[in-house]
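# Topology and contacts: notes
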Amino acid sequence: MKEACPIKVREYLSLGWPVIIGYNDTAFLDKQVPYILKINSEKITDETIDRIRSFVKEYANFVVPHEELNPIDSENMENKRLEFFTK
């Protein structure tokens, strides 16, 4: 899987949890956020493991701010989808 937009990631974020993903999340293609760690899931290396460890330590007590999630709100996502189909 190279690209996806699973509901579970949006749900985790809405609960304030940082996430680790192994694909491009279409909800975040136009923006990089520090509380999502994207790794290459096809090739896990020692460097990847170190990045995951660092991320977990850094974001262990972090809560994702709800106001940052407005662009991926289901209503906004559906509007983008409808706009795409209209084009």
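A short tour of the structure in this document, coming up.

Rules of the game
Residues numbered from 1 in each chain as written. Predicted model: local features only at pLDDT ≥ 70, side-chain atom pairs only at ≥ 80, totals over all residues. Heavy atoms only, no water. Buried < 20%, exposed > 50% of the residue type's maximum accessible area, 1.4 Å probe, protein only. Helix = DSSP H or I, 4+ residues; strand = E, 2+ residues; numbered from the N terminus. Arc of directions from axis to C-beta. Contact = heavy atoms within 4.5 Å. 1 Å grid on protein atoms, 1.4 Å probe; cavity = no way out; pocket = protein on both sides within 12 Å on 5 of 7 lines; lining within 4 Å. Points joined across faces, edges and corners; volume = space filled by probe spheres on them. Nonpolar A, V, L, I, M, F, W, Y, C, P; charged D, E, K, R; others polar.

What follows concerns helix H1 (residues 7-14). For H1, the full list of buried residues reads Val9, Arg10 and Leu13. Relative to the axis of H1, the buried residues are bounded by an arc of 95° and lie together on one face. More than 90 degrees from the buried face of H1, the exposed residues found are Ile7 and Lys8. Considering only its buried residues, H1 is in contact with strand S2 (19-21), strand S3 (24-25) and strand S4 (36-38). Phi turns positive, to about 90°, at Gly16, one or two residues after H1.

Counted as a void, the largest pocket has a volume near 210 Å³. If you go around the largest pocket, the residues you meet are Ile21, Tyr23, Asn24, Asp25, Phe28, Leu29, Asp30, Lys31, Gln32, Val33, Ile36 and Lys38. Every element with two or more residues in the lining of the largest pocket is listed here: S3 and S4. By residue class, the composition of the lining of the largest pocket is six nonpolar, two polar and four charged.

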